[in-house]
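Okay, here's what each chain looks like letter by letter:
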Amino acid sequence: MEHKLISHTFKKSSIPILKLWDHLDQVREVTKYLISLKSLNFNGLSKQQIESICVLVAASHDFGKSTLFFQNYIISEFENKEFNGDVREKSHALISAFFGYYMIDKWLSNVQLDQHWKSFLPFAAFLAIDGHHSSYKSIDEILTIIDRNRALIEVQLNNIVPEIFEYQFEGIDFHFGINFNVDIIDTISSKLRKFSREYKKIPKGYDKDKWLDIQIEHRILGLFVYSILLEADKAYLASDNPTQYERNPIPIQEDLIDKYISKISDNKTINKDRNRAYKETIQGICSIPLEERIYSITLPTGLGKTLLSASWALKLRNKISKKNNFMPKIIVSLPFLSIIEQTDEEYKKFLDELYIKHEERIYFPSYSISDFIYRDGRDNQERSNDSIDFYLNIWNAEMIVTTYDQLLYSIFSLKRKHLLRFHNLFNSIIIFDEVQALPSELWNPFDKFFRKLAEVGDTRILLMSATQPGFMQDAKELVPNHEDYFIKRKRVELHIEPKHEPLNEFLERLPELLDTHIDKSMMIVLNTRESSKLV
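Computed from a predicted structure; not experimentally measured.

1. Section: the layout of surface pockets
In this model, the second largest pocket occupies a volume close to 1,100 Å³. Lining the second largest pocket are 23 residues, with His495, Phe506, Arg509, Leu513 and Met523 positioned closest to its centre. Looking at side-chain class alone, the lining of the second largest pocket contains twelve nonpolar, five polar and six charged residues.

This is the structure in structure tokens:
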């Protein structure tokens, strides 16, 4: 059949019109491609089932563009004419979310899954589609939006162009949605309200901890579906040249840093300790079971944790590639710009010719003052602004250095540009350097979220510090006898005696405190200028 519905128009292109069927098929294809690169270990959901869910979401995400309102709008834009219709009527995300829910619900009727998945998956599809042009929302926000737009949805339903129900894709037939009407919208709305009420309660057969564990797994899958849709939706549109969108992994030789260290090493005492720590840690990688996913490196400052962790990650990357048939990304996260700049330079040095050859496809620094050269592109053609934003946010590189903020935004933010990269955390080796800098109020959510991500996403977590905070208690220490490296060094010991003491009482005992420690330096930290003046 000839497809007439339009999805996008392009003013500066040899192909000025992209038909709706073609766009949905492109997004479906990219979705399958992205899923094919993943190893997924969700409890009670196979990879094939997750692919089916994501593909249905991809095919349904722009269903609402089949209204006469949107078609009149897109044609007006193409003809450089003013659109005289109601801006709200041409919106398409909410009605598409209802259709996506409907399609997932139909699919679930023929699939055997645990009840908690059957309840959650249509909601996950709804969230992903509704937010693909805005943000990821809560169930309460969704219910408010539905209540405000009930009449609008009915008007849009009465103006659907029937062509959409003739669409067929590989394994998907929109003809099943030909009875999609206002009664179904009301039924779905009721189901969402019921889901909202029941999701906050602990179901029979679960205790509090088990239900929380399942909810975290739900959250991870929901963000995964959303993230895959966001990238797939823009992959063809943001690439000024389709060959620019390339996600096949690039091999990096595992002895790259071994050779680099051999060139820069000398016989200084500290380098002897560095070399010993490096050798002993790297030797142990052969015996690491791939079922272990959470590790730590504990060494004093100055003993080369940056190069050690990078070399360990490259060797683990290749070991995983050989045994598990996927090539992990390496994501390095640091808390401070001062040390992230040093790490950035170090990575560029040891990557050397690889970085010169592949540039941002092999290594990508993602922090506020890093240099970007994506504008020139690999084909030396200037890219559009949309293209630049897309490539900066999808982290399409084998090694990424970023800040804690940027990494945690990709989990806890609700913004598209941050959650676009979420699926990259799956199957990755994530290194948290100076992990003691993570605020203590984040320790518990960090532990629970990344522990579950490591399990279902086949992700490896490495925590590095000279002073491990210890909130992931079962992390496997990679440095043999790491305590020995601290013995020879002059370390500061903190003896903390937390107690409430009025300032005037502290001032009264200060002279005696100074006399007691007269042979030592003393630093007194106060929290206001006035109190420091009194001291």
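2. Regarding the sheet that holds strand β11 (residues 476–477)
Sheets are built from strands paired through backbone hydrogen bonds, the pairs being either parallel or antiparallel. Spatial strand order, β7-β8-β6-β9-β10-β5-β11: seven strands in an open sheet with parallel pairing. The two strands at the open ends of the sheet, each matched to only one other strand, are β7 (363–366) and β11. Sheet analysis places β7 next to strand β8 (residues 399–403), joined by four bridges and oriented parallel. Within the sheet, the bridge partner assigned to Pro365 lies in β8 and is Val401. Contacts from helix α11 (residues 305–324) reach β5 (294–298), β6 (330–334), β8, β9 (429–432) and β10 (460–465), with the element oriented near 165 degrees to β10.

3. A closer look at helix α9 (residues 256–264)
Those residues of α9 that fall on the buried side of the exposure criterion are Leu256, Ile257, Tyr260 and Ile261. Burial along α9 is one-sided: seen end-on, the buried residues are contained in an arc of 120 degrees. Relative to its buried face, α9 has exposed residues pointing more than 90 degrees away, namely Ser262 and Lys263.

4. Regarding helix α6 (residues 139–157)
With 19 residues, α6 extends just 23 Å between its outermost C-alpha atoms, more than 12% less than the 27 Å of an ideal straight helix rising 1.5 Å per residue. The axis of α6 is deflected most strongly, by about 65 degrees, at Asn149. Buried residues of α6: Ile139, Ile142, Leu143, Ile146, Asn149, Leu152, Ile153, Gln156 and Leu157, and no others. Where the residues of α6 are buried, they touch α3 (68–78), α4 (93–108), α5 (115–130) and α7 (182–199).

5. Focus: empty space enclosed by the protein
Within this structure, the stated rule accounts for one cavity of 30 Å³ or more. The computed volume of the largest cavity comes to approximately 30 Å³. Of all the secondary structure elements, the ones that give two or more residues to the lining of the largest cavity are α11, β6 and α12 (337–351).

6. Observations concerning the nonpolar core
With 113 residues, the main nonpolar core has Phe42, Phe174, Leu192, Phe224 and Phe432 as its most contacted residues. The element that contributes the greatest number of residues to this core is helix α8 (residues 208–238), accounting for 13 residues. Look past the residues within four positions of Phe224 in its chain and what remains in contact with it is Ile35, Lys38, Leu40, Ile50, Cys54, Phe422, His423 and Phe426.

7. Topic: the packing of α8 against helix α17 (residues 443–456)
The description of two packed helices rests on the angle between their axes and on the distance between the axes. Where α8 contacts α17, the axes come no closer than 10 Å and their chain directions differ by 65 degrees. Overall, the two elements α8 and α17 adopt an arrangement that is roughly perpendicular. The interaxial crossing formed by α8 with α17 has right-handed handedness. Taking contact as the criterion, the partners of Leu212, Asp213, Ile216, Glu217, Arg219, Ile220 and Leu223 in α8 are, on α17, Lys448, Phe449, Lys452, Leu453 and Val456. Residues belonging to the contact of α8 with α17 are distributed by class as follows: seven nonpolar, no polar and five charged.

8. Structural notes on the side chain of Asp458
Looking at where Asp458 falls in the secondary structure, it is placed in the loop between α17 and β10. The exposure class of Asp458 is buried, given its relative accessible area of 5%. At 3.1 Å, the side chain of Asp458 and the side chain of Ser39 are in polar contact. Of note is the side chain of Asp458, whose polar atom sits 2.7 Å from the side chain of Arg460. When near neighbours in sequence (up to four residues on either side) are disregarded, Asp458 contacts Ser39, Asn41, Arg293, Asn324, Phe326, Asn427, Ser428 and Leu453.

Definitions and limits used
Residues numbered from 1 in each chain as written. Predicted model: local features only at pLDDT ≥ 70, side-chain atom pairs only at ≥ 80, totals over all residues. Heavy atoms only, no water. 1 Å grid on protein atoms, 1.4 Å probe; cavity = no way out; pocket = protein on both sides within 12 Å on 5 of 7 lines; lining within 4 Å. Points joined across faces, edges and corners; volume = space filled by probe spheres on them. Nonpolar A, V, L, I, M, F, W, Y, C, P; charged D, E, K, R; others polar. Pairing = 2+ DSSP bridges. Helix = DSSP H or I, 4+ residues; strand = E, 2+ residues; numbered from the N terminus. Contact = heavy atoms within 4.5 Å. Axes fitted to C-alpha atoms, helices over the stretch in contact; angles between N-to-C directions. Buried < 20%, exposed > 50% of the residue type's maximum accessible area, 1.4 Å probe, protein only. Arc of directions from axis to C-beta. Expected span 1.5 Å × (residues − 1). Bend = angle between axes of the 7 residues up to and from the residue. Core = buried A, V, L, I, M, F, W, Y, C linked by side-chain atoms within 4.5 Å. Parallel < 35°, antiparallel > 145°, perpendicular 65-115°, else oblique. Left-handed = near helix turned anticlockwise from the far one by under 90°. Polar contact = N/O pair within 3.5 Å; in protein donor to acceptor, adjacent residues only side chain to side chain.

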